Amino acid sequence: MNEVLEAEKVNAFLNSTEEASKEVDQAVQQVDVIQMKIDKYTNNLQIIYLLRCLEAEERDPLQKERAFLRTYEGWSGLEEIFDEDNTDWEEYRKQLQEYLYPEEYEIIKVHASNSFRTPVKLFDLIYKKLIECGFRGGNVLDPCVGIGGAFSNVPKEFGNSVFYGTECDPIAYKICMRVTTNIQMSYGEFKDVYYPDNFFDLVIGQTPLSDELIFDPNYRVKQSRLPEHFLIRSLDLLCPGGILALVIPSYVMDTRGSKVLEYLNQRAVLLGAVRIPEYTFTDNLGPNYTSDLVFLQKDLGVRMRKELWTGVSVFAEDFTEAFMQGNFDGILINSYFQSNPEQVIGKLQRDEESGEVFCGYHGEDLDSALDKALSSIQFKYEEPYTDDMNYFI
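Below is a short write-up of the structure. These numbers were taken from a predicted model, which means no experiment stands behind them. Starting from 1, residues in each chain are numbered consecutively following that chain's sequence as written. In view of the model being predicted, local features appear only for residues whose pLDDT reaches at least 70, and side-chain atom pairs are presented and counted only at 80 or more, with totals across whole chains, interfaces and linings using the full set of residues. As a rule here, side-chain values come from all non-hydrogen atoms in the structure, and water together with hydrogens is ignored.

Think of it this way: any DSSP run of H or I at least four residues long counts as a helix, any run of E at least two long counts as a strand, and we number them from the N terminus. Along its length, the protein carries 12 helices and 13 strands. Note on classification: 1.4 Å probe, protein chains only; a residue is buried when its accessible area is under 20% of the maximum for its type, exposed when over 50%, partly exposed between these limits. Burial analysis of the protein (393 residues in total) assigns 49% to the buried set. By the convention used here, residues are in contact when the closest approach between their heavy atoms is within 4.5 Å. Long-range pairs, those at least 24 residues apart, make up 69% of the contacts in the protein between residues at least 6 apart in sequence.

Below, the structure written as structure tokens:
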């Protein structure tokens, strides 16, 4: 009997030690995250200070200064700073307000969760795929250009191209104006900036994450979420035969009965897509989200076609077993990825707490996985006839 009691005491001690160890690990992780946030905030603040110095001295940045400006990462993961009720970040908030003009602060506050940086390596892979398929540039637009990452390492094959960019983050816009020389920039919301329809040969970049609803009476789909509006308007701006290569939140492709996908399907051909795992575009501060890199080619006119990519179906590793068990509460995924599972990098999972679906990846080399998935997308680009559209009004 005494041996049983001793064993129970030992087990209780071990369990309590394990729980204490977990609490310590969680506390350490929280401290690490807080320090990461402080480091990111400090770096952004120093960049803003440098911008103010450049403005006051009315000069261009030196080479080292230009390199430092390129480290601006936006405010994703730092939303607490802009929460007036959050006293933990009050001193940081006041300090930031000293360096920003009031209108700059308000705009950054609104767009903080959408302010992140897309890896230049991803754009390198997109350009590589476009060149392999015969595309050689032209009029190129990034509708959410940030600090110009999409145009910072343009291949020589695009040498005769003209690059355009739109940005609503005032700091990112000013940085882009100072670190790039090859972009015709426009400041403001993409939905408000004027560009002529049927003008661009390529739209490249990454849409915001926000599911903010946009109402636009100019389109048959008059109400759409912000990333969907980027897709719809970008397609209108493309000339017939033009290419769209945009990174979008995965919920756009996975929406059942999507009128936006039907609208796009009538006006464009899906050349291919890649599902990209969470944390690809973040620094582990958030938001951790799954996204899709989508390639579309604009049609010469409106067509009614049956395509696999406008539907959504239940994803299961073993469809027969799931059907036999009557398990229809699976993960909804766009039919394109259902038919092309090799285009999903990582493993689809459901978060136990939130119930949200995400794509996790624990491989060693994400760039190689992206390159491999892109190699499966094959198309032959032929330069369209644009009827003397080589001008910009």
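Continuing now.
Quick look at the environment of Thr 181 now. With respect to the helices, strands and loops of the structure, Thr 181 is situated in the loop between helix H6 (170–179) and strand E3 (183–187). Given the relative accessible area of 85%, Thr 181 is considered exposed. Taking the C-alpha atoms as reference points, Thr 181 and Ser 152, 29 residues apart in sequence, are found 9.8 Å from one another.

So, about the packing of aromatic side chains. Two aromatic rings from Phe, Tyr or Trp, using only the six-membered ring of Trp, form a pair when their centres are within 6.5 Å; if the ring planes differ by under 30 degrees the pair is stacked, by over 60 it is edge-to-face, and anything between is tilted. Taken as a whole and assessed by the stated rule, the structure comprises 16 aromatic pairs. Ring centres of Tyr 41 and Tyr 92 lie 5.1 Å apart, and the angle between their planes is 85°; on these two criteria the pair is classed as edge-to-face. With Tyr 41 in helix H1 (residues 2–57) and Tyr 92 in helix H3 (residues 90–99), this pair connects stretches of sequence that are 51 residues apart. When its relative accessible area of 25% is taken as the criterion, Tyr 92 is described as partly exposed. Ring geometry for Phe 190 versus Phe 230: centroids 4.8 Å apart, planes at 40°, classification tilted. Taken together, the positions of Phe 190 in the loop between E3 and strand E4 (200–206) and Phe 230 in helix H7 (residues 226–237) put the pair 40 residues apart, joining distant regions of the chain. Judged on exposure class, the residue Phe 190 and its partner Phe 230 are both buried.

This part covers the nonpolar core. Among the nonpolar cores identified, the biggest contains 40 residues, and Leu 141, Tyr 195, Phe 200, Leu 264, Leu 296 and Trp 309 are the most heavily contacted of them. We define the nonpolar core as a collection of buried residues of types Ala, Val, Leu, Ile, Met, Phe, Trp, Tyr and Cys that are connected through side-chain atoms lying within 4.5 Å of one another. If you look at the next biggest cluster of nonpolar residues, it comprises 37 residues, including Tyr 127, Phe 163, Cys 176 and Tyr 381.

We now examine the packing of helix H5 (residues 120–132) against helix H12 (residues 366–375). Interaxial angles span 0 to 180 degrees and are taken between N-to-C directions of axes, which are lines fitted to C-alpha atoms, for helices over the stretch in contact. It is the contact of H5 with H12, at a shortest axis distance of 10 Å, that shows an interaxial angle of 25°. The angle between H5 and H12 places the two elements in the roughly parallel class. The hand of the H5/H12 crossing is right-handed. Taking contact as the criterion, the partners of Lys 121, Leu 122, Leu 125, Lys 128 and Lys 129 in H5 are, on H12, Asp 367, Leu 370, Asp 371, Leu 374 and Ser 375. Lys, Arg, Asp and Glu make up the charged group, whereas Ala, Val, Leu, Ile, Met, Phe, Trp, Tyr, Cys and Pro make up the nonpolar group; the residues left over, Gly among them, are polar. Of the residues in the contact of H5 with H12, the class split is four nonpolar, one polar and five charged. Any angle that falls under 35 degrees is termed roughly parallel, while one over 145 is termed roughly antiparallel, one within 65 to 115 roughly perpendicular, and all others oblique. In a left-handed crossing the near helix is turned counterclockwise from the far helix by less than a right angle, and in a right-handed crossing that turn is clockwise.

Let's shift gears to the packing of helix H4 (residues 102–111) against H6. Here H4 crosses H6 at 105°, and the two axes come no closer than 8 Å. Comparing the axis directions of H4 and H6 gives the class roughly perpendicular. Contacts between H4 and H6 involve Glu 104, Ile 107 and Ile 108 on the former and, on the latter, Pro 170, Ile 171 and Lys 174.

Turning next to the sheet that holds E4. Criterion used throughout: strands pair if DSSP finds at least two bridges between them. Read across the open sheet, the seven strands follow the order E3-E2-E1-E4-E7-E9-E8; overall the sheet is mixed. The sheet is open, and its two borders are formed by E3 and strand E8 (268–276), each paired with just one other strand. With direction set aside, neighbouring strand axes in the sheet form an average angle of 15°. Sheet topology note: the strand E1 (residues 139–142)/strand E2 (residues 162–167) ladder contains four bridges and is parallel.

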